Amino acid sequence: MFQRIAVGIIFLFVSVVSHAQLTIEITQGIDRPTQIAVVPFRWDDGGSAPENFASVISEDLQRSGLFEAMPASNMLSFPYPGSTISFRDWRITDTEYLLTGTARTTADGIEAQIELHNVISQNLVMRKTVYGGHNNGRDVAHRIADLVYETVTGIPGIFGTKIIYVTDGTMMDGSKRYRLMLADQDGAREQIITESSQPLMSPTWSPDGTQVAYVSFETGRPAIFTQELGTGQREQLTNFRGINGAPSWSPDGTKMAMSLSKDGNPEIYVMDIASKTFERITNHFAIDTEPNWMPDGENLVFTSDRGGRPQIYQINLDSKRLRRITYEGDYNARPRLSIDGRYLVMVHRRDGQYHIAVQDLELDRLIIVTETSLDESPTIAPNSAMVMYATKWQGRGILSAVSLDAGIKYRLPAQAGDVREPAWSPN
C-alpha cells in the first residue's frame with residue numbers, strides 16, 4: 001500500500017463506454033435535509049428534450065445528502081419561470097425551495113432559464129440563464145444543480161466535476177484488463193482513457209483539467225506519462241531505472257513532483273516540464289514518496305518512513321526546511337490537500353485498521369471519517385466538502401465518498417470488475 005509497483009502496459013486510446021459503469025448508492029445523509037421540488041422543465045422546442053433536466057438536477061441534489069427532492073408524481077402543479085405560483089399548495093407538502101425551468105435549443109446549443117423560489121418566505125432567490133453546447137444537456141443540468149446548491153448552502157457545487165479512476169476486470173478468455181477511466185462525478189458518461197493487460201496506477205489531473213498523468217510500465221520499467229484528454233496525445237516524462245512514481249502537478253502546471261529511485265533510494269524530485277530538468281528535493285536513506293503540492297507552489301507534503309513508520313512531512317522547495325505534520329496513529333500516508341490548503345486527507349491506520357482521516361491544519365485536529373477497514377487512495381473534491389476513496393465492499397473494490405464531517409456517505413460500485421485510485425478533477 002505504501003508503494004505499489006506494477007509491470008507492463010499496452011497503450012490504446014479509445015472513447016467508447018465501458019461495461020463497468022458506476023452506480024451511486026446513498027448510505028447516509030443528514031437527519032433533516034432541505035426539502036426541494038424540482039418541477040419538470042418545459043421544453044420550448046419541437047420534439048423531445050435531449051435530457052430530463054429535472055431528474056438529473058434532483059438526483060444531484062439528493063446525492064449530496066443535504067436535500068430531499070420531491071417526486072414529480074407528488075406535485076400538485078407544474079409551474080414554469082414567469083408563471084403564477086401557489087405557494088400555499090407547496091407549503092402543504094413541506095416544500096422549502098421550488099425550482100422551475102424552461103429549456104430550448106438555439107443556434108449555439110441549449111439554453112435553460114431557471115427560477116429558484118423560497119417557499120417559506122415566498123421570495124424569488126435566484127433567476128439565471130444557463131447555456132450549453134449541442135448534446136450537452138446533462139452538463140446544463142449539472143450546472144443548474146451547482147447554482148441551486150451554492151445558493152442554498154453557500155458552498156460551491158461539484159456536480160459538474162469529473163473523476164478519473166482505474167478499473168480491472170476479467171475478459172472472456174480469463175485474462176485481466178485494466179483501464180484508466182473518465183466519468184462525471186456521479187459515474188455517468190464513462191469513457192476509457194487508456195487500457196492495458198497490465199495494472200495502471202497513480203492517475204492525477206493537471207490543474208487546468210485538460211491532461212492526466214499516470215504511471216505505465218509499457219517500456220519494461222515504470223515510467224510517468226502525461227496524456228491530453230481532448231486528443232489522446234501522450235508524452236513520456238521519465239524512463240529511469242528503478243522507481244518512477246507518484247506524479248503530482250504543481251498548481252501552475254509548469255512542474256511535476258514525483259518519487260524516483262534513480263540515484264539509489266526513493267526520493268522526491270521536481271521536474272520542470274518544459275525543460276525536462278530535475279531538482280532533487282529530499283536526501284535521506286528512508287523511502288520518500290507520494291508528494292503533493294501545497295497551494296502556494298512553494299511547499300510539498302509527502303510520505304516518508306524516516307521516523308520508523310510512514311508519516312506525512314512538509315518541505316519547503318527553496319530552503320529544504322522539513323517538518324513532520326502527522327503524529328496520531330502509527331501509519332499516515334497518501335497525503336492530499338484541499339485547494340485552500342486547510343484540510344489534509346490521508347490514509348490513517350489505528351489499531352491495525354486503515355481508514356480515511358482528515359486533518360484540519362488550522363485547528364491541528366484529526367478526524368477519522370470512514371468506518372471500513374481497507375480504505376485507501378483518498379481524493380478531495382474541489383469545494384473541499386467531500387472526499388472520495390477506494391475501499392472494499394462485498395469482496396469487491398469500489399469507490400466511496402464521505403463528507404469532511406462524516407455526515408454524508410455514498411458508494412459508487414461498478415456493475416463489473418474492481419474500481420480503485422480515484423482522482424477528482426480540479427473544477
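Everything discussed here concerns the structure shown above.
Here the structure is a predicted model, which means the values were calculated and not measured. (Residues numbered from 1 in each chain as written. Predicted model: local features only at pLDDT ≥ 70, side-chain atom pairs only at ≥ 80, totals over all residues. Heavy atoms only, no water.)

1. What to know about the overall build of the chain
- Within the chain, the regular secondary structure consists of three helices and 31 strands.
- C-alpha extents for the chain along the principal axes are approximately 75 × 45 × 40 Å.
- Across the 427 residues that make up the chain, the buried fraction comes to 52%.
- Taking as baseline every contact in the chain between residues at least 6 positions apart, the subset at least 24 positions apart corresponds to 47%.
- A total accessible area of about 18600 Å² is found for the chain, and carbon and sulfur atoms account for 46% of it. (Helix = DSSP H or I, 4+ residues; strand = E, 2+ residues; numbered from the N terminus. Buried < 20%, exposed > 50% of the residue type's maximum accessible area, 1.4 Å probe, protein only. Contact = heavy atoms within 4.5 Å. Areas by Shrake-Rupley, 256 points an atom, 1.4 Å probe, with all protein chains shown as cover.)

2. What to know about the sheet that holds strand E19 (residues 288–293)
- One open sheet accounts for four strands, arranged E19-E20-E21-E22; its pairing is antiparallel. Here the strands that pair on one side only, and so sit at the sheet edges, are E19 and strand E22 (322–324). Along the sheet, successive strands turn relative to each other by an average axial angle of 30°, direction set aside.
- Sheet topology note: the strand E20 (residues 299–304)/strand E21 (residues 311–316) ladder contains six bridges and is antiparallel. Its bridge partner being in E21, Val301 is matched across the sheet by Gln314. (Pairing = 2+ DSSP bridges. Axes fitted to C-alpha atoms, helices over the stretch in contact; angles between N-to-C directions.)

3. Some details on the pattern of salt bridges
- Enumeration over the complete set of coordinates arrives at 31 salt bridges.
- The shortest N-O distance in the salt bridge between Asp184 and Arg138 comes to 3.6 Å. Taken together, the residues Asp184 in strand E9 (residues 176–184) and Arg138 in helix H3 (residues 137–153) connect sequence positions 46 residues apart. The pair Asp184 / Arg138 is uniform in exposure class, with both members buried.
- Among the residues examined, Arg138 registers a relative accessible area of 16% and is labelled buried. (Salt bridge = Lys/Arg side-chain N within 4 Å of Asp/Glu carboxyl O.)

4. What to know about the side chain of Asn299
- Here Asn299 shows up in strand E20.
- At 3.0 Å, the side chain of Asn299 and the side chain of Asp296 are in polar contact.
- Here Asn299 is in contact with Asn292, Trp293, Met294, Gln314, Ile315, Asn316 and Leu317, once residues within four sequence places are set aside. (Polar contact = N/O pair within 3.5 Å; in protein donor to acceptor, adjacent residues only side chain to side chain.)

5. A short note on the packing of aromatic side chains
- Under the definition given, this model contains six aromatic pairs.
- An angle of 25° between the planes, with centres 6.0 Å apart, marks the rings of Phe302 and Tyr313 as stacked. In this pair, Phe302 sits in strand E20 while Tyr313 sits in strand E21, placing the two residues eleven residues apart along the sequence. Of the two residues, Phe302 and Tyr313, both sit in the buried class.
- Relative to Tyr354, the ring of Tyr331 has its centre 5.2 Å away and its plane inclined at 90°; by these criteria the two rings are edge-to-face. Of the two residues, Tyr331 is situated in strand E23 (residues 331–337) and Tyr354 in strand E25 (residues 353–360); the sequence distance between them amounts to 23 residues. Residues Tyr331 and Tyr354 agree in their burial class; the two are buried.
- What links up through ring pairs into an aromatic cluster is the set Phe67, Tyr149 and Phe159. (Phe/Tyr/Trp six-rings, centres within 6.5 Å; stacked < 30°, edge-to-face > 60°.)

6. A closer look at the packing of helix H1 (residues 53–63) against H3
- Direction vectors running N to C along H1 and H3 enclose 45°, while the axes themselves pass 9 Å from each other. Between H1 and H3, the angle falls in the class oblique. For the crossing formed where H1 meets H3, the hand is right-handed. Touching Phe53, Val56, Ile57, Asp60 and Leu61 of H1 are Gly137, Arg138, Val140, Ala141, His142, Ile144, Ala145, Val148 and Tyr149, all from H3.
- Residues belonging to the contact of H1 with H3 are distributed by class as follows: ten nonpolar, two polar and two charged. (Parallel < 35°, antiparallel > 145°, perpendicular 65-115°, else oblique. Left-handed = near helix turned anticlockwise from the far one by under 90°. Nonpolar A, V, L, I, M, F, W, Y, C, P; charged D, E, K, R; others polar.)

7. Re the environment of Gly329
- Examined against the element boundaries, Gly329 turns out to sit in the loop between E22 and E23.
- On the basis of relative accessibility, which here comes to 31%, the residue Gly329 falls in the partly exposed class.
- As a C-alpha pair, Gly329 and Asp94 span 235 residues in sequence and 46 Å in three-dimensional space.
- Discounting chain neighbours no more than four positions away, the residues touching Gly329 are Gln311, His348 and Arg349.

8. Brief notes about unusual backbone geometry
- Positive phi, normally seen in glycine, also occurs at Ser202, with a value near 55°.
- Note on placement: Ser202 falls in strand E11 (residues 201–205).
- Given the relative accessible area of 14%, Ser202 is considered buried.

9. Section: H3
- Along its 17 residues, H3 runs 24 Å from first to last C-alpha, staying within 8% of the 24 Å computed at 1.5 Å per residue.
- Listed in full, the buried residues belonging to H3 are Gly137, Arg138, Val140, Ala141, His142, Ile144, Ala145, Asp146, Leu147, Val148 and Tyr149.
- Phi turns positive, to about 80°, at Gly154, one or two residues after H3. (Expected span 1.5 Å × (residues − 1).)

10. Describing the environment of Gln62
- For Gln62, the location among the structural elements is in helix H1.
- Owing to a relative accessible area of 33%, Gln62 belongs among the partly exposed residues under this scheme.
- Residues within four places of Gln62 in sequence aside, it is in contact with Ile26, Phe67, Glu68 and Ala69.
- Within the local environment of Gln62, its side chain forms a polar contact with the backbone nitrogen of Ala69, the two atoms lying 2.8 Å apart.

By themselves, these figures tell us nothing about what the structure is for.
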